[in-house]
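One-letter residues, chain by chain:
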Amino acid sequence: MTEKIFQYSEMESYMQYYSPKTPYGLENKQEHKFYYELSELEKSYDLIESMIKYISESPQKIDQIEYHLIKIPYLEKSIESISTGSEIFNVRKFLINYKKIAGIIPVGISDLFHFSFFSDELLEKLSGDQSDEEVFYISDFYSEDLASLRSEINIIDKHLKDVKNEKILNIFEKLNLDFRFHDFLVINEELIPEEADEAVYIESYDNQSVLVKPSFGKQYYDVLNSRKDLIEKEKKIEFKIKKSLHDEINKEKNKIDEYKKNILQFDTILAKAKLAIKSNAVRPEIGQNLCINLEEAVFVPLQEQNLQKNRKYTPLTARFDQRNIVISGSNMGGKTILLKSVLFCQILAQQGFFVPSRRFSTVIFQEINLIGDINQSNNSGLSSFGEEILNLSESQSNEPLSKPCGSPNKRNTLYIVDEFARTTNSVEGKALYCALLNWFSDNGNIFSISSTHQENLPNMKDLSYWVMKGLDYGKYKQYYHKDYNCDLNERISLINNFMDYGVTPQNKSERNRDALKIADILGLNSKIIKYAEKYIKEQE
Amino acid sequence: MQNAMGAENFEELRDKVTFISGNSKNSGKTTFLNYLLPRMRLLTEFAFLTIGVDGERKDQIFGTDKPVIETEKGDVFLSCENLLNKSDGSFSILQVFPWRTVLGKLVLVRTERRALIEIAGPENNSQLEDIIRYIRETLEIKTVLIDGAVNRITQVSSSNSAGFYYICKITQENISSSIDKLKVIYSLYEINLLKDVKLDCETLYIHEGAFTKRSILEIPENTETIVLEDFTKFFISNAELGQLKMKYSIRFTNKLFLHGFIINLYNINIEEFKKHLCNKSIIDKCIFNPYKR
């Protein structure tokens, strides 16, 4: 379900601005972690508040911190192989950058994130004699035996190089074949020198040419073989050193695990604080009563789309004090956007983010369900109606995701219902929807917001009807005249300009009849519209 | 020494990302890389890597096991944990990349003692992009050589600092198809960048992904200009490309510099090949039998 509610709320689009810097933060971002404990959420909000203050006071320090956060490597849970030293390199790099961050952040922030560094001794051992913080090398510093072996290898290498150079020079003088800058040469067969046999290897290349490589003689290969023995010994000593460094790392495993937790928390809180600043987001208020209050809540994905298309965006303000909210209103009037906005804000709040709004108060939900014809195409073989029913059945049999806050038996569940049963026949669709509302009404732990085009729905306990304010057709008519020839995009912009996307409690005597007006604006044949108007009049 | 080695011929690779691509697997890409390395050492600091963990065990120039690479002190290259363990060299670790290959993690190292090595590289374009960015921006090593297929170029080509060599093994059997391929590549190389020309959006057709023979049928009627990401997306013959260029203007959003065609001729002499190729501009871009004396 998490994937579905993320998709529906277009969270991915907003999350592109949430940018943790470390591999731990990025991994955490992919997990879409929800909080179900009030204390956890309040702690997250407290830390974001402190971080926002720190960012505003010390923006340059933040740049420095981020420079080091980017350099933090991912440390495996356990070091599988110590043969190359790549994990030792990573631990050293982690500690260096962690220590730098610990040195930058002030005491107040450091205390909040438990950001202290106690591993100077380990870092010193991992660094050996190296001053370059970006490089790890098992240097001669670690072992006299290693130093002496390497010195022997270097002497052999120099000897091999001298032998090689001498041979190549001899070949050049004797055979006029220049291997100084080539590992091999391709020459015409007729150019093979008479005396070539001992000095070079010759292989066939094609019908006219041969491939020639220098031969360095037995003495060269004897020395080369003695080098192999030394290399083996060198590898054994290096392994021993790596093993001892690995043991030192393991001794501090608990501390390193603690550093990892701290860095994850610091990185994600910093990214959340930066996102909050960017989106003018506020700290959510988490209460105990099942109600949701939004003041100028911004559904950022739509706000950005509208900005691109030069269309206005109206933030959402509504106080949903009753447990079950039914939203009706015009086509294109913003019902679905309202549902998306509420879900968007709720997900952010429960993931420990601030919410882009003037105020957002809500409650912790242990479960969030989405019912409706959400995917335009589905691959399950079910019809839209079938999928809605399946989702509903599944939601009713779900186990709570975690223990709810407060009462241990209480399991708050949020239902977002987008035009339930709209694709089946109107009589049965309405009956099913009423039954669903009745089930919501009877279940005291459910908070639901549903959109519908159904009319004359019954009153129920803890249920209130709301309506989207809709099209200001009077104003629209003053502006628009039939000769005004505009394309579809302009027509949509017109609807957008004259549509009031606000929501208000419904006066049950009022009825929404915007569908025909919208159809008219979108250019439907006037004969059809007139017939439809006449039909409605007759029915009433 | 510099003149004898011909290092100055590769001056244009300085500060560039250069792909060593080929007309087939085992076309001699690594052999050419081995040829380049000592010359590049005389010119500038550089890093080298390959694409993927190589399954390419044979080198077609020799028909023998794929050549190992001789690395010298100070070289910077990418390999993976198991291959480095097998080597007789000594290396400083500069970076460990998080992606795991069948032979362990990818590790960027600097050679401390000369060695015979096998290089390795990332499996996908996004990892390649990250690695190149790390080498060029964090380590500030601007010159990068990549032994790898040309279809990996896209990610870095947008930087306008990427180019390629195209290595060809030409035999009597493949001479016609190879020449056709050279002509296609050269013809595509000559195509201009989108930003270099003024365009009428109404008649612009942006084709995403591979452009094949079938794609020709999908071009809308009023099209005057076809836009593609880069030349690696073209999979049509030289004749088809010729017809297409006569009818439409073609533009790329990314362009790669063609450093040259490395032509290894087998049982064909250079004059005979030139006669077949019959295109002076392409011949000027060819380096014939670089290993032949």
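Our structure's up above, just so we're on the same page.
Residues numbered from 1 in each chain as written. Chains lettered and ligands numbered in written order. Predicted model: local features only at pLDDT ≥ 70, side-chain atom pairs only at ≥ 80, totals over all residues.

### Digging into the sheet that holds strand S10 (residues 359-363) of chain A
Residues and elements named next belong to chain A. Taken together, the four strands give an open sheet; going across it, the order is S5-S10-S6-S7, and neighbouring strands pair in mixed fashion. A strand with exactly one partner marks an edge of an open sheet, and here the two such strands are strand S5 (285-287) and strand S7 (316-320). Geometrically, the sheet is characterised by an average inter-axis angle of 20° between neighbouring strands, direction not taken into account. With three bridges joining them, S5 and S10 adopt parallel strand pairing. By the bridge assignment for S10, glycine 287 is matched with valine 363. (Pairing = 2+ DSSP bridges. Helix = DSSP H or I, 4+ residues; strand = E, 2+ residues; numbered from the N terminus. Axes fitted to C-alpha atoms, helices over the stretch in contact; angles between N-to-C directions.)

### A short note on the sheet that holds strand S11 (residues 162-170) of chain B
Residue and element names in this part refer to chain B. Sheet architecture is open: nine strands sit in the order S7-S8-S6-S2-S10-S1-S11-S15-S16, paired in mixed fashion. Because the sheet does not close on itself, it has two edges, and the strands there are strand S7 (90-101) and strand S16 (286-288). Neighbour to neighbour, the strand axes of the sheet diverge by 20° on average, direction disregarded. Across eight bridges, the pairing between S7 and strand S8 (residues 104-113) is antiparallel. Considered in S8, the bridge of glutamine 95 is made with leucine 108. Together, strand S1 (17-22), strand S2 (46-50), strand S10 (143-147), S11 and strand S15 (257-265) form the strand contacts of helix H2 (residues 29-43), whose direction differs from that of S10 by roughly 160°. (Contact = placed C-beta atoms within 7 Å.)

### Notes on the environment of alanine 349 of chain A
All names here are of chain A. Along the chain, the position of alanine 349 falls in helix H14 (residues 335-350). Residue classification places alanine 349 among the buried residues on the basis of 27 C-beta atoms within 10 Å. The spacing of alanine 349 and arginine 283 is 66 residues in sequence and 8.2 Å in space, taken between C-alpha atoms. When residues no more than four places from it in sequence are discounted, the contact partners of alanine 349 are Pro284, Val355, Phe360 and Thr362. (Buried ≥ 20, exposed ≤ 12 C-beta atoms within 10 Å, placed from the backbone.)

### Topic: H2 of chain B
Its 15 residues place the ends of H2 of chain B 21 Å apart at the C-alpha level, agreeing with the 21 Å of an ideal helix rising 1.5 Å per residue. The principal kink in H2 of chain B, of about 30°, is found at leucine 37 of chain B, preceding the proline proline 38 of chain B by one to four residues. (Expected span 1.5 Å × (residues − 1). Bend = angle between axes of the 7 residues up to and from the residue.)

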